[in-house]
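Each chain, letter by letter, is given below.
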Amino acid sequence: MSNRPAGMGRGMRDFMTAEEKANAPKVTKELLIRVFSWLTPYWKQFALTLFCIIISTVLSILPTVLTGKIIDEGLIGRDLNRLIFLIVLSLLVTFASNLIGVAESYLNSWIAQHITYDMRNQMFRHLQTMSQRFFTSNNQGDIVTRMTSDIDGVRSIITNTFSSILSNVITLVVALIAMYQRNWVLATIGIVIVPLFTIPTRSAGKTRWSLTREAQACNDEINGILNETLSVSGQTLVKLFCKEEEEYKKYEAANRKMIELNIRESMAGRWFRVVLSTVASVGPMLLYLVGGILMMKYNSNLTVGDITVLVSLLSRMYGPVNQLLNIEVEWIRSMALFTRIFDYFDMEPEIKNPDNPIIPSSCTGSVRFEHVKFWYESSRTILKDISFELKEGNSVAIVGPSGSGKSTMINLIPRLYDVVDGAVYFDGHDVRTLDLSWLRGQIGVVTQDTYLFNGTIRDNLLYAKPDASEADLVEACRKANILDFIEKQEEGFDTIVGNRGLKLSGGEKQRISIARILLKNPSLLIFDEATSALDSISEQKIQDAIDPLIESRTSILIAHRLSTILAADEILVVKDGEIVERGQHADLVQQGGVYTELYETQFGKAAELNPVPEGSEAGKVAGWNASYTEGEDLIEYYGDAIKD
Ligand code: ATP
């Protein structure tokens, strides 16, 4: 259901779409109690607001009533003192009403802001407890909409809907009492006439509303085009496919449609005003006519002042009646909004801390998978029966075709997801029995898609260890092989990395994230190597960065490069969610199975481009060609690794 309350013109708020009608929530007692429970902490302020609304509305009608006396007693009665007194009184009452109105607005906005503040905080905290599945299966835009415009909508409900219902009802009641006090015939004519006048107003409003909706849809389309084409990746795509002209034409067409709709909408508004002002003037004329007849023909004791008051009161009733006729729409929309927000609050986090979590006093980082079965959706099993053990200080490389389930395996260790069957043990304990923060604190993950916040390099590094000293940063960056790069930047550690780190290359980002992990100093390191090809120099730099990391640490490497695979103690070959081969490179490559195939198609590729000089150690030992970097003796490294 689309959300509309905030920032919308009246026309848009008065009617519901078919979708809104179909999805109108059932307003139960529980829902109402839940809605009003948000007001409970502020009930004193709320009571004061109600009081202010009542007083200011009554006072705002008083000058209209005093006008009758000004005419009858001051002007027609030719009593100057009385005239001055009534004028001053009328001005004072107006001033007092406005003054109370200011207090009411302040209180109203104070309550609304505090409720949205509470709601936002609670929602943010709640969303942070939601599991990975929630974020992968929900549209990011939807989540942000709940946090922003939906909760803004609640503020608008409190400041507009609730207070307008109250002040409109009071205005009508006070106006009716005042009218009946003057003359019951004219008052009754007024009651009959007012709703009749609102009908044409509503039908004119409906036309305008449908145009506004069309313009809104068109505006969304334009925003979509802008977001897609003027984003960094969008522009790259446009440029590379030479689609500038095509995109321009699309934009121009949407832009044209928008101006046409806007012109039609403003003209519909014009007609609307013509109808409104003509219709609105019929009411007072009718009261003058009937009032005049009563005075002249029936000798009624009506005065000129009375008729003037009645006409003024009648005009004051149009607005409130019209607004109250729309209250149902506002009400349903408000309840729908609350329901949407409550639905989010009611979602249970999938991964929770156990009741009596274990917090071991030390940590080795060892990992054991026992007959692990896992699926994201039960229709497709991703991991079938995975068992392996990684002992303290050792490293394991997981290799396999794309989509075989490698990343999924590692997601189970920090409990981004829980197993469907079997168990994952960390440090000898089932991960589901460990304290979640402790568990995640022991694991450092360098992901494929390195995420850096839009801040400085320093901010990104300190995220892992806020109390790290300058020397710690320098040391971590040196080890991660990124210090040279940082020192070359004018701003050094204070260089801004750009939105999601886009100002840096893939290799630079990954090395910064390695430095970040070094600062975290985890017991278990998980390195999900980027599949994207890096040039051999960048590759070597990353390799040099991971080597010291994994040397003395328990590590799992999802490897796409031969150099990484060779650095591991054991290789697990995963295919279709199963470990199909395991062992050392030299053995696996000769088995003629999945590993050999992967080696020939993937790992060997770079090597083919940069053949190892004949007779080299690497070539002899493993019978393959390694990637070769200018000025760096990689071959020697590979040879040693294989011999080890
Ligand atoms: P790559 O080497 O390309 O990174 P991978 O071996 O790491 O691949 P996974 O990312 O573990 O593969 O994915 C295994 C399978 O699970 C894939 O078919 C993928 O489409 C599916 N998958 C991954 N994440 C999700 C998710 N959040 N929801 C549903 N299916 C998913």
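Residues numbered from 1 in each chain as written. Predicted model: local features only at pLDDT ≥ 70, side-chain atom pairs only at ≥ 80, totals over all residues. Heavy atoms only, no water.

(A) Spatial organisation of the overall build of the chain. Helix and strand counts for the chain come out as 24 helices and ten strands. Expressed as a percentage of its 644 residues, the buried residues of the chain come to 46%. Contacts in the chain between residues at least 24 apart in sequence constitute 74% of all its contacts with a sequence separation of at least 6. Approximately 33,200 Å² of the chain is accessible, and the part contributed by carbon and sulfur atoms is 56%. (Helix = DSSP H or I, 4+ residues; strand = E, 2+ residues; numbered from the N terminus. Buried < 20%, exposed > 50% of the residue type's maximum accessible area, 1.4 Å probe, protein only. Contact = heavy atoms within 4.5 Å. Areas by Shrake-Rupley, 256 points an atom, 1.4 Å probe, with all protein chains shown as cover.)

(B) Inspection of the confidence of the model for the chain at higher detail. The predicted model of the chain has a mean per-residue pLDDT of 82, with 86% of residues at 70 or higher. Highest mean pLDDT in the chain belongs to strand β4 (residues 421-426) (96); lowest belongs to helix α24 (residues 634-643) (33). Considering only residues more than four positions removed or in separate chains, one finds that residues 1-12, a stretch of pLDDT under 50, has 33 contacts. Contacts from residues 606-644, a stretch scored under 50 in pLDDT, to residues over four places away or in other chains number 54 contacts. (pLDDT = per-residue confidence, 0-100.)

(C) How the structure looks around the side chain of asparagine 168. With respect to the helices and strands, the residue asparagine 168 is situated in helix α7 (residues 140-182). The exposure class of asparagine 168 is buried, given its relative accessible area of 6%. When sequence neighbours within four positions are dropped, the list of residues in contact with asparagine 168 reads Pro320, Gln323 and Leu324.

(D) Inspection of the sheet that holds strand β6 (residues 443-446) at higher detail. An order of β6-β7-β8-β3-β9-β10 is seen for the six strands of this open sheet, with the pairing classed as mixed. Unpaired on one side and paired on the other, β6 and β10 (578-583) mark the two borders of the sheet. In this sheet, neighbouring strand axes are inclined to one another by 20° on average, regardless of whether the strands run parallel or antiparallel. In this sheet, strand β7 (residues 524-528) lies alongside β6 in parallel orientation, the contact comprising four bridges. What sits directly across from isoleucine 443, in β7, is leucine 524. (Pairing = 2+ DSSP bridges. Axes fitted to C-alpha atoms, helices over the stretch in contact; angles between N-to-C directions.)

(E) Spotlight on the packing of aromatic side chains. Tallying each qualifying case throughout the model produces twelve aromatic pairs. Ring centres 5.1 Å apart and planes at 85° place the aromatic pair tyrosine 376 and tyrosine 417 in the edge-to-face group. Of the two residues, tyrosine 376 is situated in strand β1 (residues 367-377) and tyrosine 417 in the loop between α13 (406-411) and β4; the sequence distance between them amounts to 41 residues. A relative accessible area of 28% places tyrosine 376 in the partly exposed class. (Phe/Tyr/Trp six-rings, centres within 6.5 Å; stacked < 30°, edge-to-face > 60°.)

(F) How the structure looks around the pattern of salt bridges. Overall, the coordinates contain 20 salt bridges when judged by the stated rule. When the shortest N-O distance is used, the salt bridge between arginine 478 and glutamate 475 registers 3.3 Å. Of this pair, arginine 478 and glutamate 475 both sit in helix α16 (residues 470-479), three residues apart, roughly one helical turn. On the basis of relative accessibility, which here comes to 36%, the residue glutamate 475 falls in the partly exposed class. What you see here is one network of salt bridges that share partners, running through Lys69, Glu73 and Arg82. (Salt bridge = Lys/Arg side-chain N within 4 Å of Asp/Glu carboxyl O.)

(G) Summary view of the packing of helix α4 (residues 43-76) against helix α11 (residues 304-325). The contact between α4 and α11 brings their axes to 8 Å, and the two run at 160°. Taken together, the axes of α4 and α11 lie roughly antiparallel to each other. By crossing handedness, the relation of α4 to α11 is classed as right-handed. Contacts between α4 and α11 involve Ser60, Ile61, Thr64, Val65, Thr67, Gly68, Ile71, Asp72 and Ile76 from the former and Val304, Gly305, Asp306, Thr308, Val309, Ser312, Leu313 and Arg316 from the latter. Residue classes in the contact of α4 with α11 are distributed as seven nonpolar, seven polar and three charged. (Parallel < 35°, antiparallel > 145°, perpendicular 65-115°, else oblique. Left-handed = near helix turned anticlockwise from the far one by under 90°. Nonpolar A, V, L, I, M, F, W, Y, C, P; charged D, E, K, R; others polar.)

(H) Highlighting the pairing of strand β3 (residues 395-399). The element β3 is extensively covered by neighbouring structure, given that five of its five residues are classed as buried. The pairing of β3 with strand β9 (residues 570-575) spans four bridges and is parallel. When the bridges of β9 are listed, valine 396 appears paired with glutamate 570.

(I) Region of interest: a negative patch on the surface. A contiguous patch of negative charge, built from Asp385, Asp421, Asp576 and Glu578, is present on the exposed surface. Note that glutamate 578 resides in strand β10. (Patch = residues over 30% accessible without salt bridge, like charges linked within 9 Å, V, L, I, M, F, W, Y side chains within 5 Å. Lys, Arg positive; Asp, Glu negative; His and termini not counted. Charge placed at Lys NZ, Arg CZ, Asp CG, Glu CD.)

(J) Region of the structure containing the site of the ligand. In the vicinity of the ligand there are 15 residues, among which Arg380, Ser402, Lys406, Ser407 and Thr408 approach most closely. Here glycine 405 contributes a backbone N or O atom positioned 3.0 Å from an oxygen atom of the ligand. Threonine 408 places a polar side-chain atom, nitrogen or oxygen, 2.4 Å from an oxygen atom of the ligand. Out of a free accessible area of 640 Å², the ligand has 71% covered by protein chains. When residues of the shell around the ligand are traced back to their parent elements, those giving at least two are β2 (380-390) and α13. (Near = heavy atom within 4 Å. Polar contact = N/O pair within 3.5 Å; in protein donor to acceptor, adjacent residues only side chain to side chain.)

(K) Quick peek at unusual backbone geometry. Backbone geometry at arginine 78 places phi at a positive 55°, although glycine is not the residue there. One can find arginine 78 in the loop between α4 and α5 (80-129). One non-glycine residue with positive phi stands out, namely asparagine 299, at about 55°. Topologically, asparagine 299 is positioned in the loop between α10 (244-297) and α11. With a relative accessible area of 70%, asparagine 299 lands in the exposed category.

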